[in-house]
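What follows is each chain in one-letter form.
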Amino acid sequence: MARERLYLFDTTLRDGAQTNGVDFTLADKLAIAGMLDGLGIDYVEGGYPGANPTDTELFGQDRKFDTIFTAFGMTRRPGRSASNDPGLALLLDAKADAICFVAKAWDYHVRVALQTTEEENLASIRDSVRAAKGKGREVLVDCEHFFDGYKANPKYALACAKAAYDEGARWVVLCDTNGGTLPHEIETIVADVCKVIPGDHVGIHAHNDTEQAVANSLAAVRAGARQIQGTLNGLGERCGNANLVSIIPTLKLKPEFSETFDIGVSDVALKKLAQVSHALDERLNRGSNRHAPYVGESAFATKAGIHASAIAKDPATYEHVLPETVGNKRKVLVSEQAGKSNILAELERIGIKADKDDPRIGRLLEIVKERETIGYAYEAADASFEMLARRTLGTVPNYFDVTQFDVNVEQRNNAKGERVTVSMAVVKVRVGDDNMISAAEGNGPVNALDRALRKDLGKYQKYIDGLKLTDYRVRILNGGTEAVTRVLIESEDENGDHWTTIGVSPNIIDASFQALMDSIIYKLVKSGAPA
Ligand SMILES: [Zn+2]
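Just so it is clear, the model here is predicted, and its values are computed rather than measured. (Residues numbered from 1 in each chain as written. Predicted model: local features only at pLDDT ≥ 70, side-chain atom pairs only at ≥ 80, totals over all residues. Heavy atoms only, no water.)

**Student:** Got a minute to help me understand the overall build of the protein chain in this structure?
**Tutor:** A tally of regular secondary structure across the protein chain gives 20 helices and 18 strands. On the principal axes, the C-alpha backbone points of the protein chain span a range of 85 × 65 × 45 Å. Considering the protein chain as a whole, with its 531 residues, one finds that 51% of them fall into the buried category. Long-range pairs, those at least 24 residues apart, make up 66% of the contacts in the protein chain with a sequence separation of at least 6. Of the roughly 23,700 Å² of accessible surface on the protein chain, 49% is carried by carbon and sulfur atoms. Side chains of the protein chain carry 63 positive and 75 negative charges; the gap between the two charge centres is 1 Å. (Helix = DSSP H or I, 4+ residues; strand = E, 2+ residues; numbered from the N terminus. Buried < 20%, exposed > 50% of the residue type's maximum accessible area, 1.4 Å probe, protein only. Contact = heavy atoms within 4.5 Å. Areas by Shrake-Rupley, 256 points an atom, 1.4 Å probe, with all protein chains shown as cover. Lys, Arg positive; Asp, Glu negative; His and termini not counted. Charge placed at Lys NZ, Arg CZ, Asp CG, Glu CD.)

**Student:** Explanation requested: the pattern of salt bridges in the structure shown.
**Tutor:** If the charged atoms of two oppositely charged side chains come close together, the side chains can form a pair. According to the stated counting rule, one finds 41 salt bridges in the structure shown. We note a salt bridge from Asp357 to Lys356, for which the minimum N-O separation is 3.9 Å. According to the relative accessible area criterion, Asp357 is exposed, its value standing at 57%. Classification of Lys356 by relative accessible area gives exposed; the value is 51%. Across the salt bridge formed by Asp518 and Arg391, the nearest N and O atoms sit 3.2 Å from each other. Of the two residues, Asp518 sits in helix H20 (residues 508–526) while Arg391 sits in helix H17 (residues 382–392), which places them 127 residues apart along the sequence. One continuous salt-bridge network, built from bridges that share partners, spans Arg76, Glu120, Asp127, Arg130 and Glu167. (Salt bridge = Lys/Arg side-chain N within 4 Å of Asp/Glu carboxyl O.)

**Student:** Would you take a moment to explain the packing of helix H16 (residues 359–373) against H17 for this structure?
**Tutor:** Helices that pack against each other are described as a pair by the angle of their axes relative to one another and the distance between those axes. For the pair H16 and H17, interaxial distance at closest approach is 10 Å and the crossing angle is 140°. As summarised for this structure, H16 and H17 are arranged oblique, according to the angle between their axes. Handedness of the H16/H17 crossing: right-handed. Two secondary-structure elements touch here, H16 through Arg360, Arg363, Leu364, Ile367, Val368 and Arg371 and H17 through Phe385, Leu388, Ala389 and Thr392. Considered class by class, the residues forming the contact of H16 with H17 number six nonpolar, one polar and three charged. (Axes fitted to C-alpha atoms, helices over the stretch in contact; angles between N-to-C directions. Parallel < 35°, antiparallel > 145°, perpendicular 65-115°, else oblique. Left-handed = near helix turned anticlockwise from the far one by under 90°. Nonpolar A, V, L, I, M, F, W, Y, C, P; charged D, E, K, R; others polar.)

**Student:** Even after reading the chapter, I still don't get the packing of aromatic side chains, so can you show me in this structure?
**Tutor:** Between two aromatic rings, the relevant description is the distance of the centres plus the angle of the planes. By the definition in use, this model includes 14 aromatic pairs. Look at Tyr376 and Tyr378: their rings are 5.8 Å apart centre to centre, the planes differ by 10°, and that puts the pair in the stacked class. Given a relative accessible area of 8%, Tyr376 falls into the buried group. Residues Tyr378 and Phe385 carry aromatic rings whose centres are separated by 6.4 Å and whose planes lie at 70° to one another, so their mutual orientation is edge-to-face. (Phe/Tyr/Trp six-rings, centres within 6.5 Å; stacked < 30°, edge-to-face > 60°.)

**Student:** Got a minute to help me understand the sheet that holds strand S4 (residues 68–74) in this structure?
**Tutor:** Through backbone hydrogen bonds, the strands of a sheet pair up, either in parallel or in antiparallel fashion. Reading around the circumference, S2-S3-S4-S5-S6-S7-S8-S9 is the order of the eight strands in this closed barrel, with parallel pairing throughout. Neighbour to neighbour, the strand axes of the sheet diverge by 25° on average, direction disregarded. Two strands pair when backbone bridges link them, and strand S2 (residues 7–10) and strand S9 (residues 227–230) are joined in this way by four bridges, in the parallel orientation. Residue Asp10 lies in a different strand from S9, and its bridge partner there is Gly230. Most of the contacts of helix H10 (residues 244–253) go to S2, to which it runs at about 170°, and overall it touches S2 and S9. (Pairing = 2+ DSSP bridges.)

**Student:** Looking at this model, I keep getting lost on unusual backbone geometry. Mind explaining?
**Tutor:** Residues other than glycine seldom take positive phi values, yet Asn233 does so here, at roughly 60°. Within the secondary structure layout, Asn233 lies in the loop between S9 and H10. Positive phi, normally seen in glycine, also occurs at Tyr294, with a value near 65°. Relative to the assigned elements, Tyr294 resides in the loop between helix H13 (273–283) and strand S11 (301–302).

If you want it as structure tokens, here you go:
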């Protein structure tokens, strides 16, 4: 039986840009649009031309995307004609394949926010759709507050949706703008709408205020809607929008949906999903949610010993889908509860051959346990675990020694007479028979130390040129009589690979130094640097 086409509409660059603390540059927007295009998203909403310089510039450019690049804006203002509304004119002139209008669908908002009549609002919807179609654009209409409006006055909410459809809008999108509607309500109301407007012209735009935006989107599809609007990583104001990163694999991998629908995302593109999700976080300069469904670092991670041995026998026993399908990895955590089977499973995963009767495995387990009691957390630091394992098994070359380092922090007046704090680090390194001294300044002592350490590693420098630190997290642990500092450093290389290293010490510089060293040595091992 032929499957039905279900369309995905991404609004990361428009609704997602409403997120607190998110401020996309033009370069960000182009890069994110490129990733969405590469995934196979049908529609990418770029922004609101005329509303700010970035969006105006974005829609002034020629782009080469397969996706339907969509501009967002308001229907014509009440009391004006479509040809005499400057905002609408900017929208119609934007270089966009489609235009998505936002329109009021709740009689209360029409009266109070728009301060106009119900009939004038309907006329505004009709006129705007007609004007955009006249410009040769595909037209979508977001019916704002549709579900609240429907509960208050179903007849009027439907009249708004119908006005858009009858005038030729390709999609009428039902928005749960306040995000408070529950899945069973969504299913009932969307089914009602689909009696009046064919479902293959109906879309759903859900917000996550009851943490059910994904469930609401799927409920709408069950009821007949054939377009889902959402954002990468569920970005969006307040609690966010429907998370496409969770919706896409659900549609692709769960038979209820995959046997009924086709989406624009191929099996091959699905394997890039985790990478796309993490790349967005990186652009936003924030850590990824480890517990994100499907793509989080912990999404396929198991801790307890009995699970680990079961997973080694048959992964499907503890996984709802295969991690590789979404570009993720299975992970068996090494932890306080670690048994030999965890360690062996983890070694196998990272490609270290080990015999279960090798006494060094028992020794490694002991070291892990000892270190975890003083604050190390290897389940959060995969690369440090790997370094510890390789060292215990005797397979890490001694590339270089840091014979001495010195870090100082100085507060003084700069040339402008302003009070500034400057850090400087000096590092002495021995590589083979060569002794090297590097010095560097930084915005803080750890930054200075990192710069000095990676400035000159002699013959190894070329292997670490692509190494970047992407996150640095500090936690003070209160164990025993004195506080201990735990530092986690996330690194990335030129291949886009990520790893995390850890250091623990009463001294934050020392803890940071351990984590930095692990990261550098991990990179040298990974790059196959010669001993
Ligand atoms: Zn929204």
